[in-house]
Protein chains: 2
Amino acid sequence: MLVGAIDLGGTHATCALVRDTEVLARETLTACGSGGLAPFLPRLATSIRNLSCRSGISLSDCAGLVLGFCGIADADSGRVLSTNGKYDDAPGIDLPGWCETELGLPFRIENDARLALLGERVAGAARGYDDVVMMTLGTGIGGAAMIGRKLVRGKHYQAGCLGGHLAIHPRGRRCTCGAIGCAESEASTWVLPTLCREWPGFEQSELVRETALDFATLIRVMETGDVIAEQILAHCLDVWAALAVSLIHAYDPEVLVMGGGIMKSADRILPVIRERVQNFAWTPWGKVRVVAAECGDQATLLGAVPLLEEFQV
Amino acid sequence: MLVGAIDLGGTHATCALVRDTEVLARETLTACGSGGLAPFLPRLATSIRNLSCRSGISLSDCAGLVLGFCGIADADSGRVLSTNGKYDDAPGIDLPGWCETELGLPFRIENDARLALLGERVAGAARGYDDVVMMTLGTGIGGAAMIGRKLVRGKHYQAGCLGGHLAIHPRGRRCTCGAIGCAESEASTWVLPTLCREWPGFEQSELVRETALDFATLIRVMETGDVIAEQILAHCLDVWAALAVSLIHAYDPEVLVMGGGIMKSADRILPVIRERVQNFAWTPWGKVRVVAAECGDQATLLGAVPLLEEFQV
């Protein structure tokens, strides 16, 4: 099956043509989620048309266009339901109508993390599994769940993709979602600078000299023997391990796929999560496999074909 | 539909005959989960036969026997999969064979919390809802989830019913399940005595004179103005509220039904959970209803008919 696919993030969008498990052509555009979706749509349509033109693949051969969206979307009707500071005008836009008019294609939308799970399942770390939890460590913590070959969506399309908003500390930090002590408000890229600055002893740490406090920096400083950096990473690993166990208890998967930008330091993270899951998850049937995502930034694009296939059955 | 139903707990078992949403006859037996299931089966069969005899309802008119089990069970094959200190011999028992031989009835098994959710849905607080989370506060914390009219079961029949084992504190207490800082190892009846004794200032509290430290006692002492008791209840409410929000984020329900023995003090608990869910759950579509269970100790029995119906479709 041939499809058009767009992975729409807050700071960039990747447009692509995908055949089965292969990305045939792709182009990444700079985006600005806070600027809204409506002014960005013409560039997205142009990009898809250009890809078609350059690759010699006619859009009329595509089964549809799939939009991977960084918010909550109704996969049945093609509407965006809710956003969190990115493309906040999207719920009011008739995306299926836009797609039909501009590209002449049927339209489907899905949350980007759910698409990434589908992508990892057809072409990556979750191949061969029908029961999967995906956890992405990045700016926030994303995720998705599949039970018995079906994406967990829920009544309002929220289930499974709010993994970063399971409570990990009942008296923790206020999260951007409004709740208290969510996993992502305890340990994610957006909270890391605050977490560091408020950590006891931060002023004595080498971290104080860093301008960009992300996890790559934290780990680099830790590797020089910095005790504070080590404590902060240990805290984050505690949070991620607790979340991993919670997600396993919630969705009962065979495999937990870990992705997201922070997993560039997988060698520091994966062994710890794996050991905690091994020791602490209550899975009398056996052990959940904990693996790194394999499709990288193509995962969401690769989820486009299985998504369309789901709706064509 | 007429069915036989057994609600098998660790300290007692209730046998019943149920027609649609009405318990026609019931009998409660003292049980001993640590003594195993095999020696108890003859008494269960006798009880069901006696109920039939006394009520003038022939067992041959029953569509089947449903066992609500306090552990993880395979609803498809009728096998117990795993236990946690109660009826630990059950995974080795051919329960469908026993039921056919002793009672001449088809057999179904399901986790007791999942049956309770079905019971509340046909005859209690979840009537009219297809997307439900149930949370039972008792000796431990139980639960179940339904999405789109289907019980959430998962690959190994664990999904949805380990709600009490979502992590609420990444460096919390060791739970009986093996994990760290589960909701039920932070706030449930089994942990309450330890929680109280380790609370700073416990020796100055009136609680020190109590022999049985359960939640009824805690609340009674708190109502005399005891500050320590108030702090401990506040801690437990924090944990339960965080869990409620997590379960809503995980399963995306329209209604959260709260049951279990601790809910005898619902007036102290429900308003707090309701307010926290209102303020902290991320549900842009609207507000999740938070309600008390209505079926009490009949919920599991009332789940028997909808369970059999599910498998007859």
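The structure displayed is predicted, hence computed values, not measured ones. (Residues numbered from 1 in each chain as written. Chains lettered and ligands numbered in written order. Predicted model: local features only at pLDDT ≥ 70, side-chain atom pairs only at ≥ 80, totals over all residues. Heavy atoms only, no water.)

A.B. asks: So what exactly am I meant to see when it comes to the overall build of chain A here?
C.D. replies: The helix and strand inventory of chain A stands at ten helices and twelve strands. In terms of overall dimensions, chain A is globule-like: its C-alpha atoms have a radius of gyration of 20 Å, near the 20 Å expected for 313 residues. When its C-alpha atoms are laid out on the principal axes, chain A stretches across 60 × 45 × 35 Å. Looking at chain A residue by residue over its 313 residues, the buried ones come to 60%. Of the contacts formed within chain A by residues at least 6 apart in sequence, a portion of 62% connects residues at least 24 apart. When the accessible surface of chain A is totalled, it reaches about 11800 Å², and 48% of it is carbon and sulfur. Averaged over its 27 positive side-chain charges, chain A has a centre that lies 2 Å from the centre of its 36 negative ones. (Helix = DSSP H or I, 4+ residues; strand = E, 2+ residues; numbered from the N terminus. Rg over C-alpha atoms; globule rule 2.2 N^0.38 Å. Buried < 20%, exposed > 50% of the residue type's maximum accessible area, 1.4 Å probe, protein only. Contact = heavy atoms within 4.5 Å. Areas by Shrake-Rupley, 256 points an atom, 1.4 Å probe, with all protein chains shown as cover. Lys, Arg positive; Asp, Glu negative; His and termini not counted. Charge placed at Lys NZ, Arg CZ, Asp CG, Glu CD.)

A.B. asks: Help me understand the confidence of the model for chain A in this model?
C.D. replies: Atomic detail in the predicted coordinates should be set aside for any region of low pLDDT. Across chain A, the average pLDDT comes to 95, with 100% of residues at 70 or higher. Scored as a complex, the prediction yields pTM 0.95 and ipTM 0.94. (pLDDT = per-residue confidence, 0-100.)

A.B. asks: How do you make sense of the relation of the copies chain B and chain A when you look at a structure like this?
C.D. replies: Put simply, the second copy of the chain is the first one after a rotation about an axis and a shift along it. The operation relating chain B to chain A is a screw motion whose rotation component is 180 degrees, with 0.0 Å of axial translation and a residual RMSD of 0.0 Å. Put plainly, the chains are arranged around a two-fold axis. Comparing interface residues between copies, 100% of those in chain B also sit at the interface in chain A, which points to an isologous, same-surface contact. (Least-squares fit on C-alpha atoms with pLDDT ≥ 70 in both.)

A.B. asks: Which parts of the structure should I look at to understand the interface of chain B and chain A?
C.D. replies: In many reports, interface size means the accessible area that the parts give up when they come together. Of the residues lining the interface, 46 residues belong to chain B; the matching set on chain A comes to 46 residues. Contact between chain B and chain A buries roughly 3900 Å² in total, counting both sides, with carbon and sulfur atoms accounting for 61%. It is B:His249, B:Asp252 and B:Trp282 in chain B that bury the most area against chain A; as a group they hold 18% of the surface buried on that side. Remark: the boundary between chain B and chain A carries four salt bridges. Across the salt bridge formed by A:Asp238 and B:Arg171, the nearest N and O atoms sit 2.5 Å from each other. Put simply, the parts of the chain that give the side of chain B that touches chain A at least two residues each are α7 (227-251) and α8 (266-280) of chain B. Considering each element in turn, the side of chain B that touches chain A owes the most residues, ten residues, to α7(B). Residues belonging to the side of chain B that touches chain A are distributed by class as follows: 23 nonpolar, 14 polar and nine charged. (Buried area = accessible area lost by both parts, 1.4 Å probe. Salt bridge = Lys/Arg side-chain N within 4 Å of Asp/Glu carboxyl O. Nonpolar A, V, L, I, M, F, W, Y, C, P; charged D, E, K, R; others polar.)

A.B. asks: What should I look at first to understand the pairing of strand β8 (residues 132-137) of chain A in this one?
C.D. replies: Each regular strand shows side chains that alternate between the opposite faces of the sheet. Residue and element names in this part refer to chain A. The element β8 is extensively covered by neighbouring structure, given that six of its six residues are classed as buried. Both faces of β8 are covered, namely the face carrying Val132, Met134 and Thr136 and the face carrying Val133, Met135 and Leu137. Of the pairings in the sheet, the one linking β8 to strand β9 (residues 141-147) comprises six bridges and is antiparallel in character. Across the sheet, the residue bridging to Thr136 is Gly142, located in β9. Here β8 hands over to β9 after three residues, the two strands then running antiparallel side by side. Here five bridges tie β8 to strand β11 (residues 255-259), and the two strands are oriented parallel to one another. (Pairing = 2+ DSSP bridges.)

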